[in-house]
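Observations on chain architecture
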Amino acid sequence: MSGTLRHPAPDEHKEALARLFDRSAPTYEKVGVSHFDALGRQLVAEARVREGERVLDVGCGTGAVLVPAARAVGPSGSVTGIDLSAGMVERSRAAIAEEGLGNARALVADAETAHWEPGPPVDGTFDAVLAGISMFFFPHPRAAAARYRRLLADGGRFAISWWGRQDERWNPVFAASAPYGGASSHRLPPDSPFRSVEDLHAMLSEEGFSSVDTVERTCVTRFRGPHQWWQWVWSTAGRQFWESVPEDAMADAVKAVEAELAGLRAPDGSLTSRNTVRFTVAEAAR
Ligand SMILES: C[S@@+](CC[C@H](N)C(=O)[O-])C[C@H]1O[C@@H](n2cnc3c(N)ncnc32)[C@H](O)[C@@H]1O
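Named according to an unreviewed UniProt entry, the protein is Class I SAM-dependent methyltransferase originating from Streptomyces celluloflavus.

1. Focus: the environment of Arg105
Summarising the element assignment, Arg105 is placed in strand S3 (residues 104-108). Classification of Arg105 by relative accessible area gives partly exposed; the value is 37%. For the pair Arg105 and Trp242, spaced 137 residues apart in sequence, the C-alpha separation works out to 33 Å. With residues up to four places along the chain from it excluded, the contact list for Arg105 reads Leu66, Val79, Thr80, Gly81, Ile96 and Trp116.

2. A short note on the site of the ligand
Around the ligand, the structure places 19 residues, and the nearest of them are Tyr28, Gly59, Asp83, Ala111 and Gly132. Interatomic distance of 3.2 Å between a backbone N/O atom of Leu84 and a nitrogen atom of the ligand. Compared with its free state, where it exposes 600 Å², the ligand has 98% of that area covered by protein.

3. Things to note about the sheet that holds strand S5 (residues 152-163)
If you trace the seven strands from one edge of the open sheet to the other, you get S3-S2-S1-S4-S5-S7-S6, paired in mixed fashion. The outermost strands of the open sheet, each flanked by one partner alone, are S3 and strand S6 (210-223). Going across the sheet, the axis of each strand differs from the next one's by a mean of 15 degrees, ignoring polarity. Packing of helix H2 (residues 36-46) onto the sheet brings it into contact with strand S4 (126-132), S5, S6 and strand S7 (271-284), and relative to S7 it is tilted by some 25 degrees. Across the sheet, helix H7 (residues 197-206) is in contact with S5, S6 and S7; its angle to S6 comes to roughly 140 degrees.

4. Remarks on the pattern of salt bridges
Following the criterion strictly, the structure yields 18 salt bridges and no others. For Arg50, the salt bridge goes to Glu53, with nearest N and O atoms at 3.3 Å. Classification of Glu53 as buried rests on a relative accessible area of 7%. With a shortest N-O distance of 2.7 Å, Arg71 and Glu99 are connected by a salt bridge. Here the residue Arg71 occupies a position in helix H3 (residues 66-73), and Glu99 occupies one in helix H4 (residues 86-99), the gap between them amounting to 28 residues. Given the relative accessible area of 48%, Arg71 is considered partly exposed.

5. What about the environment of Ala253?
Note on placement: Ala253 falls in helix H10 (residues 247-264). Sequence spacing of Ala253 and Pro120 is 133 residues, and the spatial spacing of their C-alpha atoms is 47 Å. Filtering out sequence-adjacent residues up to four positions away, Ala253 remains in contact with Tyr180, Trp242 and Val245.

6. Regarding the nonpolar core
Counting 69 residues, the largest nonpolar core has Leu130, Met135, Tyr148, Phe158 and Leu204 as the members making the most contacts within it. Residues within four places of Met135 in sequence aside, it is in contact with Pro141, Ala144, Ala145, Tyr148, Phe158, Ile160, Phe194 and Met203. Ranked by size, the runner-up nonpolar core spans 18 residues in total, among them Val31, Trp170, Val245 and Val257.

7. Here's the deal with the pairing of S3
Inspection of the sheet shows strand S2 (residues 78-83) paired to S3 by five bridges, in the parallel sense. Looking across to S3, one finds that Gly81 is bridged to Ala106. Viewed along the sheet, the connection from S2 through H4 into S3 turns out right-handed.

8. A short note on the packing of aromatic side chains
Counted under the stated rule, the structure contains 13 aromatic pairs. Taken together, a centroid distance of 5.4 Å and an interplanar angle of 85 degrees make the contact between Phe21 and Phe137 edge-to-face. One end of the pair, Phe21, is in helix H1 (residues 10-24); the other, Phe137, is in the loop between S4 and helix H5 (141-151), and 116 residues separate them in sequence. One exposure class covers both Phe21 and Phe137, and it is buried. In this arrangement the basic side chain of Arg278 is found over the ring face of Trp162, its NZ or CZ atom lying 4.8 Å from the centre.

9. Side note on the side chain of Ser235
Here Ser235 shows up in helix H8 (residues 226-235). A residue is classified by how much of its surface remains accessible, and Ser235, at 0% relative accessible area, is buried. Among all residues touching Ser235, those that are not within four sequence positions of it are Ser24, Thr27, Tyr28, Glu29 and Val31.

Rules behind the numbers
- Residues numbered from 1 in each chain as written.
- Predicted model: local features only at pLDDT ≥ 70, side-chain atom pairs only at ≥ 80, totals over all residues.
- Heavy atoms only, no water.
- Helix = DSSP H or I, 4+ residues; strand = E, 2+ residues; numbered from the N terminus.
- Buried < 20%, exposed > 50% of the residue type's maximum accessible area, 1.4 Å probe, protein only.
- Contact = heavy atoms within 4.5 Å.
- Near = heavy atom within 4 Å.
- Polar contact = N/O pair within 3.5 Å; in protein donor to acceptor, adjacent residues only side chain to side chain.
- Areas by Shrake-Rupley, 256 points an atom, 1.4 Å probe, with all protein chains shown as cover.
- Pairing = 2+ DSSP bridges.
- Axes fitted to C-alpha atoms, helices over the stretch in contact; angles between N-to-C directions.
- Salt bridge = Lys/Arg side-chain N within 4 Å of Asp/Glu carboxyl O.
- Core = buried A, V, L, I, M, F, W, Y, C linked by side-chain atoms within 4.5 Å.
- Right-handed = clockwise from strand over helix to strand, strands pointing away.
- Phe/Tyr/Trp six-rings, centres within 6.5 Å; stacked < 30°, edge-to-face > 60°.
- Lys NZ or Arg CZ within 6 Å of the ring centre and 35° of its normal.

Laid out in structure tokens, this is it:
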């Protein structure tokens, strides 16, 4: 999509994102498609979260990372999830209650400053900071990384999941919709460290992390058919694009996309996307 569109001011950007995720929250990971929950479990495994550890989950959403992290640390550990979207925090709290996790909590707070009251976090008190599919949304990821570096104890890990290559087979679907709308929550600013693995590693090293490593995996997401794909898009940040399509253009936009989806369907009618997901883990060694 066009790189000429303006990037909003940071506070405006955060406020808009929080409201976007508030609108996604009721159906996020609830339309019968397993996507974020599987990625959350993988991030906890990549970060080697262990019993008794104190974990901070930034951009916790509905608890895809928080819940497996709380299980991994057990009753002697603790997990604090923070998110700017009150709707998402409500979903995380519901997941915590449903799972009976007495060692986890979710708070409304900005992940970039990672500050909350009462009981603000103290430097050097977390064993792991986890950021599942969230950090590339932050306007100031470098400042956030510096903050996490201070919050981590000696030898603590900072683990991030983020997107790599998109499934090229889906390009015609996005190309078909592009002329009808403008907004995209995934547009990266020119100086974003999430433009390449090298850029992210350089930023983390400059902010004092060591042993920085990234592994790539394939994230396979399967939809029963176009109807479920549409439900899923509206349950994610991807809805932002569709909210920007003018009402009088919506029918044409949907038709253009449906035509492309038809070509992607397997003989059983299902749709599958295979995107690269990256897991970057860095250490906070003194
Ligand atoms: C794609 S969701 C991922 C949620 C969850 N970690 C998961 O793996 O499913 C991104 C989340 O980051 C949150 N987020 C984005 N910017 C944030 C910020 N500055 N502070 C706190 N949360 C933020 C959003 O509200 C949203 O819940």
